[in-house]
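# Descriptive structure summary
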Number of protein chains: 2
Amino acid sequence: MIIGIILALGALALLVAMFYAKQVSSISISEGASSEEEVARLTTISSAISEGAMAFLRKEYSVLSIFMVAFAVIIALTISDHSNPSLPFGIYSAVSFLIGAGISILSGFIGMKIATIGNVRTAAAARISLQKSFSIAFHSGAVMGFGLTGLAIVGMVLLYFGFDSLLPIDVVNRDLVIMEILSGFGLGGSSVALFGRVGGGIYTKAADVGADLVGKVEAGIPEDDPRNPAVIADNVGDNVGDIAGMGADLFGSVAESTCAALVIGVAIASAVAPELRLSTLLYPLFVSGVGIVASLISLFFVRAKSEDKVEFALKLALIVSTLVMVVAMYPVTMQMIPASFQLSPTSNVFTNFGVYISVATGLISGLLIGLITEYYTSHRFKPVRDVADASKTGAATNIIYGLSLGYNSSVIPMILLAVTVVIGYITAGMYGIAMSAIGMLGTIAVGLTIDAYGPVSDNAGGIAEMAEMGPDIRKRTDSLDAAGNTTAAIGKGFAIGSAALTSLALTSAFLTRANLTNINMLDPIVLAGLMIGAVLPYSFSAMTMRSVGTAALAMIEEVRRQFREIPGLLAGTGKADYAKCVEISTAASIREMIAPGLLVILTPLIIGFFFGVQMLAGVLIGALICGVMMAISMANSGGAWDNAKKYIETGELGGKGSEPHKAAVVGDTVGDPFKDTSGPALNILIKLMAIISLVFVPFFMNSGGILLKYFIK
Amino acid sequence: MIIGIILALGALALLVAMFYAKQVSSISISEGASSEEEVARLTTISSAISEGAMAFLRKEYSVLSIFMVAFAVIIALTISDHSNPSLPFGIYSAVSFLIGAGISILSGFIGMKIATIGNVRTAAAARISLQKSFSIAFHSGAVMGFGLTGLAIVGMVLLYFGFDSLLPIDVVNRDLVIMEILSGFGLGGSSVALFGRVGGGIYTKAADVGADLVGKVEAGIPEDDPRNPAVIADNVGDNVGDIAGMGADLFGSVAESTCAALVIGVAIASAVAPELRLSTLLYPLFVSGVGIVASLISLFFVRAKSEDKVEFALKLALIVSTLVMVVAMYPVTMQMIPASFQLSPTSNVFTNFGVYISVATGLISGLLIGLITEYYTSHRFKPVRDVADASKTGAATNIIYGLSLGYNSSVIPMILLAVTVVIGYITAGMYGIAMSAIGMLGTIAVGLTIDAYGPVSDNAGGIAEMAEMGPDIRKRTDSLDAAGNTTAAIGKGFAIGSAALTSLALTSAFLTRANLTNINMLDPIVLAGLMIGAVLPYSFSAMTMRSVGTAALAMIEEVRRQFREIPGLLAGTGKADYAKCVEISTAASIREMIAPGLLVILTPLIIGFFFGVQMLAGVLIGALICGVMMAISMANSGGAWDNAKKYIETGELGGKGSEPHKAAVVGDTVGDPFKDTSGPALNILIKLMAIISLVFVPFFMNSGGILLKYFIK
């Protein structure tokens, strides 16, 4: 029964996604366009973007497939279950891993497909009305939001059902074994996310920086001008980074936090009355199912009547879905979770109300982190205006103020996370921490909808410009885009916060499986682990930032070459070779994603193998605390620089072209890799290392820590 | 006997300092100057700098005195010794605190005095020869290096002797009680250092940024031009930040690491044969004494025959003193420390050879960290040249590459620190960690000599410019200054590395006193502590960076006002009001140092009082790992930007005035607060919080953690 309900909720999400996908696709471009010729222009441009995006995805995923198969083989060969030596545990985990990776890849394709369908229709509909245009962009986002959430839930429930049917009844710790196998699903999703985020992040910023530096600065042509050879690559990049990358990131978070909660929750289910067993066991998945309903309800509140209401409409959806979830989770939790339980025979006694509190805390702190992020990155508030003001004395003060804003903005979110951890732990032990993560991700369907809305309307603006639809239309798409920028910042705050909790939940699950209840921070091995963990976000950020620099340099050379060699290109009579720029971005991002990817994947494996699980726990926590601080401050510095520039462009402090504006452009360019490459990729760093540790814990327990005996007597 | 030897070694250092002080002061300015008129100009300028510096110190220290007395009263009232309730433990600690603070203040005065005597003489002697000029700057530095080390050692030995004579023989755990009282000395030194570093850092960069932005950029006059009203403040700033601030920082490190080792070492001394008791007890002080001899020996290797040998000469001193120490420590350690010992009845058995290894590891890893820092910040190597190259595409890419260089540069030093901690712990437990810190600080006398050499020769260049001594002289002082810049970067790496180990040693001592041998990282209170600890460096850096911005803004306004209102100032006929700018920097830095200062001092007190020592341990470690990474990357980004600019100024990439140069100037300005304000102040943050925890541990044990009962059942 319970499986049926969760499956139904997942299916509901998929139906919503399909409904909106059909609705958006069925809109004809010619409905809004002013002439046959405009239709032709729009079609040409949008196919170029769509082809570029798909070409990148195909290339990226073909590289990824090789990696995934290799990784699956490693999983199959190295891990096994001690209590059930005859069970092909490694193979099952590898299957689970491949399914997770496959669904993540599928989600990426779906998101990209709809985004590249929706962007041109959003542009065309801007001729008709703001509402029409907004709703196309928003519904395109909803396809991504609901589709991905639905796939995650359905995938995990079916996987549970499959392994529950497959495994012999006499397997020792049967429930736990199944949940452990399911962890592979999270690892698969997260591995795809790593390359999606890193590769996508490098792609989008190489194209963006390259297009801006040569086009805007050197040649003096406007943004999104069709004469700029990198303009298609730039628009492709928005989809690659913000749709496929962000989607894979949050898909990973949902899958991972659910896996963590499922593993930890087995202990509760094993001790309750048989009629409550399955509901307790699958409660984490159920929460995500309820989130779909809450997200669906919130969609009815989204109405964009006028240009200045767009941002509020999007934010309202997030607030409504959170409130609905907070209310709905009470009866659900009281029903599904036993009135009192223990996580181990020696643990404290917890209650179902405690579990509810942990979920609610996650929900609320997620919303608060989002709103704080908005405060620090929207130019309606003081911090961004201070950065804009500091541009008066030049680029240097703009940078100093922007960096300091980023540092400051990470203070309260981190404290909120600390409070969430403490409340989660008090109310339901490690299970509470995992459930806070799931709570924070409860409204993910609407969160992702809003996130994906951003690049769609950003692209729509680009297409309107390239198709020369005129300034009125551009103004309309710009107002949609501006709202998307703010909500994108909220989404980033959210993604980091949930990544932090997910990582903690995974670390808890890892420790639970490793039978560790005490990690002594004074043990030098643990302390060294913390220190090495702290190093990782720095090394990783250095790599990814430099990659953007290197890739952008290649792009700059190519754009300069085309301006120089293609006759009449700048005059508008020649035609730019867009495909070449798309190729450069694609090749560079795929080449550059390897090294940081390996750093993240190999570190936990090496540490666990050579120095054991205690040091690994130190590494995970060290990377977590330093990574979260860095990720938040990078994302918010970047967002603030972007919006400080936009604020000046509204005519403040001299407006476009003034000295302060030039200073603000420097800040914005520095912020690009901060907020779209290194910052978001840190989410994956902290989550992926934790789930790798979780999946490989049987291996570490059997053969890990081989160097430890030389260190500790 | 042992006390006598240490005292003699301390006195030797003081004698060396006095010898050089006399030598430098006895040189007449007119010896080098070309005319009576030049002597007059030199004298006027140097007195302006000297007066400004002294005025700042007087003002800063008068504010500090109030704070110190108040803090001493708090110490006297709140802490007591449980085992010896009748002992006026708090009062003794307060006395120890005041003496530590007093000596630190005295060191600052001495350093400033000699620096402001040496700078003008270095400038004048540049007329005679490079060697003459170099040796004056170097010997001025030696006054600071040896004087401060001598004062630290003599102060602590006399304090030990005093309390050993004062305390009744029947005091329970008498040795431990004395060492605990001595911890107050470290706290005093470190509290002065906090305000010295923060206030000095804000002072120097406000003046520097203000002078540069209006003078160089707006008015187009050269650096150190006497027409610039902020030029004296800028030169005062070099002394205030790099002499008084740096000196107080490293004085604090020496005092604190010694206190930590003394407290932990009591356990060893209590179990050994009576004839070894005192030598074991005072071994940490003895190591510093040996360091004085090693430093003295290395001075004989310092010869600057030609301009390109200056840097090598300085580096050689550091390498020689390290090697001498590594050799000398072997017999000393084998003699003074028992062949085998335990830190507690249940601890591993350690050996004196193990202690030697821990000291040697500290020495060597300190040197390595210094050399790595040089690699990342000297323009003889690839990283800085890459940053310079990136300036070709503008300020944004310069900033991106510089930040990424900083991140990268922190990787190996942190791993070296982790290795040092593990080796230290394996060879001698917590005592080993403390002894690694002392080892790293063993060559402090020569290290500080080199550090202080930098601002003296920097000032000499400024004075030569202001006194219009001509381009030849300026070129000579510039070559001295350039070497000083590189060694300053080495010194900073060194200061951070030793601060990290010192903080760990103090944390170990704190935990030893709090009877904690296990801090469970999975305890949510500890985890929350780690997260809050991670927040502190960010919050602190945001504060100090903004303070520089605010103070620089005030300076900019004033310089602009003078250019506008003083007739003939730019033409060279009017006279700038230097004193006004000095006043502004002084007032701003003293006002702005309060808030970050309170953050650092109050956080451990509040956490300990409300949430107890476990959470406090988490806060200390969290702040340590995030703070060290941030401090190293900030210092090195800043150093690299500075030297990338200097590299371009040598004529590369278009040279001075080219577009790449302008881009590099932006990076240099961003780097100013990074490397001279926020970065170095983080050293104090991590050390000071740890020693506060150590000193207040009796208070926390008696009345701390009052909110804990609501959290943990």
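All chains use their own residue numbering, which begins from 1 and follows the written sequence. Written order determines the labels here, with chains lettered from A and ligands numbered from 1. Whole-chain, interface and lining totals are the exception, using all residues; otherwise, since this is a predicted model, local features are given only for residues with pLDDT of at least 70 and side-chain atom pairs are given and counted only at 80 or more. Each side-chain value is worked out from all heavy atoms of the structure, with water and hydrogens disregarded.

Within chain A, the regular secondary structure consists of 21 helices and two strands. In terms of overall dimensions, chain A is globule-like: its C-alpha atoms have a radius of gyration of 25 Å, near the 27 Å expected for 713 residues. Taking the principal axes of the C-alpha coordinates as reference, chain A spans close to 75 × 55 × 45 Å. Pairs of residues are marked as contacts when any of their non-hydrogen atoms sit within 4.5 Å. Long-range pairs, those at least 24 residues apart, make up 84% of the contacts in chain A between residues at least 6 apart in sequence. Under the convention used here, a 1.4 Å probe and the Shrake-Rupley method define accessible areas, while residue burial counts only the protein chains that appear. When the accessible area of chain A is evaluated, it comes to approximately 21400 Å², of which 64% is carbon and sulfur surface. As used throughout, the charge tally considers Lys and Arg to be positive and Asp and Glu to be negative, leaving His and the chain termini uncounted. Where a charge lies is defined by one atom per residue type: Lys uses NZ, Arg uses CZ, Asp uses CG and Glu uses CD. Within chain A, one finds 42 positive and 50 negative side-chain charges whose respective centroids are separated by 1 Å. Under the DSSP-based scheme used, a helix requires at least four consecutive residues in state H or I and a strand at least two consecutive residues in state E, with every element numbered from the N terminus. Each radius of gyration reported is based on C-alpha atoms, and the globular scaling rule is 2.2 Å times the count of residues to the power 0.38.

Attention shifts here to the relation of the copies chain B and chain A. We superpose the copies by least squares over the C-alpha atoms of residues that have a pLDDT of at least 70 in both of them. Expressed as a screw operation, the relation of chain B to chain A combines 0.0 Å of axial shift with a rotation of 180°, fitting to an RMSD of 0.0 Å. Look at the turn and shift together and you get a two-fold axis relating the two. Considering only C-alpha atoms, the part of chain B nearest the rotation axis is N520(B), at 2.4 Å. Residue by residue, 100% of the interface of chain B is reproduced at the interface of chain A, so both copies engage with the same surface.

The next subject is unusual backbone geometry. Trans is the prevailing form of peptide bonds, just as negative phi is the prevailing case for residues other than glycine. One non-glycine residue, N173(A), adopts positive backbone phi at about 50°. Tracing the sequence through the fold places N173(A) in the loop between α5 (130–166) and α6 (174–219). Phi at E468(B) takes a positive value of approximately 50°, unusual for a residue other than glycine. Among the secondary structure elements, E468(B) is positioned in the loop between α14 (444–466) and α15 (471–513). Relative accessible area serves as the criterion here: at 55%, E468(B) is assigned to the exposed category. Classification of residues uses two cut-offs on accessible area relative to the type maximum, computed with a 1.4 Å probe and protein chains only: under 20% is buried, over 50% is exposed, and between them is partly exposed.

This part covers the packing of aromatic side chains. Residue and element names in this part refer to chain B. Put simply, two rings from Phe, Tyr or Trp (the six-membered ring, in Trp's case) pair if the centres are within 6.5 Å, and we call them stacked under 30 degrees between planes, edge-to-face over 60, tilted for the rest. A full pass over the atoms with the stated rule returns 50 aromatic pairs over all chains. When the ring of F71 is compared with that of F696, the centres are 6.0 Å apart and the planes differ by 20°; the resulting orientation is stacked. Taken together, the residues span a long stretch of sequence, with F71 in helix α3 (residues 36–78) and F696 in the loop between α19 (659–695) and α20 (697–703) at a distance of 625 residues. Accessibility classification places F71 together with F696 in one group, the buried group.

Quick look at the interface of chain B and chain A now. Of the residues lining the interface, 69 residues belong to chain B; the matching set on chain A comes to 69 residues. What counts as buried area is the accessible surface, traced by a 1.4 Å probe, that two parts surrender upon association, with contributions from both included. Of the roughly 6300 Å² buried where chain B meets chain A, counting both sides, 79% is carbon and sulfur surface. Basic side-chain nitrogens of Lys or Arg form a salt bridge, by our definition, when they fall within 4 Å of a carboxyl oxygen of Asp or Glu. Linking chain B with chain A are two salt bridges, by the criterion used here. The salt bridge involving R546(B) is made with D386(A); its shortest N-O contact spans 3.4 Å. Elements represented by at least two residues in the side of chain B that touches chain A include exactly α12 (395–409), α13 (411–440), α15, α16 (524–565), α18 (594–649) and α19 of chain B. Top contributing element to the side of chain B that touches chain A by residue count: α16(B), with 20 residues.

Residue and element names in this part refer to chain A. Their axes nearest at 7 Å, the elements helix α7 (residues 231–269) and helix α17 (residues 578–592) cross at an angle of 45°. Relative to α17, the element α7 lies oblique. Crossing hand, α7 versus α17: right-handed. Contacts from V231, I232 and A233 of α7 reach α17 at Y578, C581 and V582. Residues are sorted three ways: Asp, Glu, Lys and Arg are charged, Ala, Val, Leu, Ile, Met, Phe, Trp, Tyr, Cys and Pro are nonpolar, and all the rest, Gly among them, are polar. In terms of residue class, the contact of α7 with α17 is made up of six nonpolar, no polar and no charged. Geometry is summarised by axes, namely lines fitted to C-alpha atoms with helices restricted to the contacting stretch, and by angles between N-to-C directions that run from 0 to 180 degrees. Each angle receives one of four descriptions, namely roughly parallel if under 35 degrees, roughly antiparallel if over 145, roughly perpendicular if within 65 to 115, and oblique otherwise. Left-handed describes a crossing whose near helix is turned anticlockwise from the far helix by less than a right angle; the clockwise case is right-handed.

Right, let's talk about a nonpolar patch on the surface for a bit. All names here are of chain A. Side chains of V293, I297, F300 and F301 sit close together on the surface and give an oily, nonpolar patch of about 380 Å² of accessible area. Relative to the helices and strands, I297 resides in helix α8 (residues 274–299). On the basis of relative accessible area, I297 is assigned to the partly exposed category, the value being 34%. Nonpolar side chains (Val, Leu, Ile, Met, Phe, Trp, Tyr) within 5 Å and like charges within 9 Å form the patches, drawn only from residues with over 30% relative accessible area and no salt bridge.

In this section: the nonpolar core. If you look at the biggest cluster of nonpolar residues, it comprises 577 residues, and the most contacted ones within it are Y283(A), F696(A), Y283(B) and F696(B). Setting aside residues up to four positions removed in sequence, F696(A) forms contacts with F71(A), I74(A), I75(A), T78(A), I79(A), L187(A) and L605(A). Here, the term nonpolar core denotes a set of buried Ala, Val, Leu, Ile, Met, Phe, Trp, Tyr and Cys residues that are joined through side-chain atoms within 4.5 Å.

On to the pattern of salt bridges, then. Per the counting criterion, the structure on display carries 70 salt bridges over all chains. When the shortest N-O distance is used, the salt bridge between D389(A) and K392(A) registers 3.9 Å. The exposure class assigned to K392(A) is exposed, which follows from its relative accessible area of 55%. Between D224(B) and R474(B) there is a salt bridge, and its shortest N-O distance comes to 3.3 Å. On the criterion of sequence distance, the pair formed by D224(B) in the loop between α6 (174–219) and α7 (231–269) and R474(B) in helix α15 is long-range, its members being 250 residues apart. For the pair D224(B) and R474(B), a shared accessibility class is recorded, and that class is buried. A single network of salt bridges, built from pairs that share partners, joins K205(A), D208(A), K492(A), D642(A), K646(A), D672(A), K675(A) and D676(A).

What follows concerns α18(B). Residues and elements named next belong to chain B. Helix span is expected to be 1.5 Å times the residue number reduced by one. End to end, α18 covers just 38 Å across 56 residues, shorter than the expected 82 Å (1.5 Å per residue, more than 12% under). The bend reported for a residue corresponds to the angle between axes fitted to the seven residues ending at that residue and the seven starting there. At G612, α18 shows its maximal kink, close to 135°. Burial runs high along α18: 46 of the 56 residues are buried. Two residues or fewer after α18 comes G651, characterised by a positive phi angle close to 115°.

On to the packing of helix α10 (residues 352–377) of chain A against helix α15 (residues 471–513) of chain A, then. Residue and element names in this part refer to chain A. At a closest axis distance of 8 Å, the pairing of α10 and α15 adopts a crossing angle of 135°. Taken together, the axes of α10 and α15 lie oblique to each other. Handedness of the α10/α15 crossing: right-handed. Along its contact with α10, which presents G366, L367, I369, G370, T373, E374 and T377, the element α15 presents T486, A489, I490, G493, F494 and G497.

So, on to the side chain of S539(A). Counting through the fold element by element, S539(A) comes out in helix α16 (residues 524–565). Once residues lying within four places of it in the same chain are set aside, the contact partners of S539(A) are L599(A) and V411(B).

Residue and element names in this part refer to chain B. Locating R303 in the fold gives a position in the loop between α8 (274–299) and α9 (310–336). Residue R303 is classed as exposed on the basis of its relative accessible area of 53%. Taking C-alpha positions, R303 is 39 Å from A428, a pair spaced 125 residues apart along the chain.

Residues and elements named next belong to chain B. Within the secondary structure, S589 is located in helix α17 (residues 578–592). S589 gets classed as buried once you look at its relative accessible area, which sits at 0%. Setting aside residues no more than four positions away along its own chain, S589 makes contact with F56, G199, I202 and Y203.

Residues and elements named next belong to chain B. Position of V582 relative to the elements: it lies in helix α17. Distance from V582 to V231, taken between C-alpha atoms, is 9.2 Å for residues 351 residues apart in sequence. Discounting chain neighbours no more than four positions away, the residues touching V582 are G52, Y203, I232 and A233.

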